Amino acid sequence: MTKLFTLTAVALIASASATFAGEVAKGEKDFRKCKSCHMIADGDNVIVKGGKTGPNLFGVIGRTAGSVDGFRYGDSIVAAGEAGLVWTEELLVEYAADPKAFLSKQLGDAAKSKMTFKLKDASDIAAYLASISG
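Reading the values: the criteria
Residues numbered from 1 in each chain as written. Predicted model: local features only at pLDDT ≥ 70, side-chain atom pairs only at ≥ 80, totals over all residues. Heavy atoms only, no water. Phe/Tyr/Trp six-rings, centres within 6.5 Å; stacked < 30°, edge-to-face > 60°. Helix = DSSP H or I, 4+ residues; strand = E, 2+ residues; numbered from the N terminus. Buried < 20%, exposed > 50% of the residue type's maximum accessible area, 1.4 Å probe, protein only. Core = buried A, V, L, I, M, F, W, Y, C linked by side-chain atoms within 4.5 Å. Contact = heavy atoms within 4.5 Å. Arc of directions from axis to C-beta.

K.L.:
Even after reading the chapter, I still don't get the packing of aromatic side chains, so can you show me in this structure?
P.N.:
The description of an aromatic ring pair rests on the distance of the ring centres and on the angle between the ring planes. For the structure on display, the rule yields 5 aromatic pairs. Summarising the aromatic geometry, the rings of Phe71 and Tyr73 are spaced 4.8 Å apart at their centres and angled 70° between planes, so their arrangement reads as edge-to-face. Here Trp87 and Phe102 contribute two aromatic rings whose centre-to-centre distance is 5.8 Å and whose plane-to-plane angle is 25°, an arrangement assigned as stacked. Taken together, the positions of Trp87 in the loop between helix H2 (75-82) and helix H3 (89-97) and Phe102 in helix H4 (residues 99-107) put the pair 15 residues apart, joining distant regions of the chain. For Trp87, a relative accessible area of 6% puts it in the buried group. Look at Phe102 and you get buried, because its relative accessible area is 2%. Cluster of aromatic residues (ring-pair linked, three or more members): Trp87, Tyr95 and Phe102.

K.L.:
What's the story with the environment of Ala79 in this structure? I'm lost.
P.N.:
Looking at the secondary structure, you find Ala79 in helix H2. Ala79 gets classed as partly exposed once you look at its relative accessible area, which sits at 29%.

K.L.:
Help me understand the nonpolar core in this model?
P.N.:
The nonpolar side chains of soluble globular proteins are, as a tendency, buried together. Counting residues in each nonpolar core, the largest one holds 27 residues, and the members touching the most others are Phe31, Ile40, Ile77, Trp87, Leu103, Tyr128 and Leu129. Mapped onto this core, the elements with two or more residues apiece are H2, H3, H4 and helix H5 (123-132). Of all the elements, H5 adds the most residues to this core, at 5 residues. Aside from chain neighbours lying at most four places away, what touches Ile40 is Phe31, Asn45, Val46, Ile47, Val48, Asn56, Leu57, Phe58, Tyr128, Leu129 and Ile132.

K.L.:
Any chance you could explain H2 here in plain terms?
P.N.:
Among all positions of H2, only Ser76, Ile77, Ala80 and Gly81 are buried. Seen end-on, H2 carries its buried residues on one side only, within an arc spanning 140°. In H2, the exposed positions that point more than 90 degrees away from the buried face belong to Asp75 and Glu82. Once H2 finishes, Gly84 follows within two positions and takes phi at roughly 110°, a positive value.

K.L.:
Please clarify how the side chain of His38 should be interpreted in this entry.
P.N.:
Topologically, His38 is positioned in the loop between helix H1 (2-30) and strand E1 (40-42). Its relative accessible area of 12% is what places His38 among the buried residues. Ignoring sequence-local partners within four residues, the contact set of His38 consists of Phe31, Gly50, Gly51, Gly54, Pro55 and Leu57.

Below, the structure is given as structure tokens:
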């Protein structure tokens with residue numbers, strides 16, 4: 001019985017890993033929607049060459065919102081970061097669905113967002129960003 005449980009657990013873990021890898025691969029492809037405004041670069045190592053309208057997304061998962069040095073964020077995202085907002089995959093997905101509504105919810109009042117693009121489901125992109133962020 002213990003062997004069966006162990007084999008089942010191993011199979012489930014392998015299956016979950018394969019699913020996650022699929023999401024990462026899809027997220028890498030889906031990031032094309034984002035690169036018109038965002039780049040992904042670790043110092044001089046440019047992973048995805050993109051625009052500079054939005055902040056560099058390298059290391060975004062685990063980073064305090066509105067905190068990339070030298071980037072001019074809107075007041076609401078800076079205020080959310082100062083209030084303790086740290087990006088997780090789940091929060092990034094929620095933000096991408098409706099940035100203005102997300103920030104209003106975080107701040108408890110009306111908020112503005114410079115990001116006007118909305119994604120119905122950014123979970124694959126968030127998984128991709130998490131996979132390359134250090």
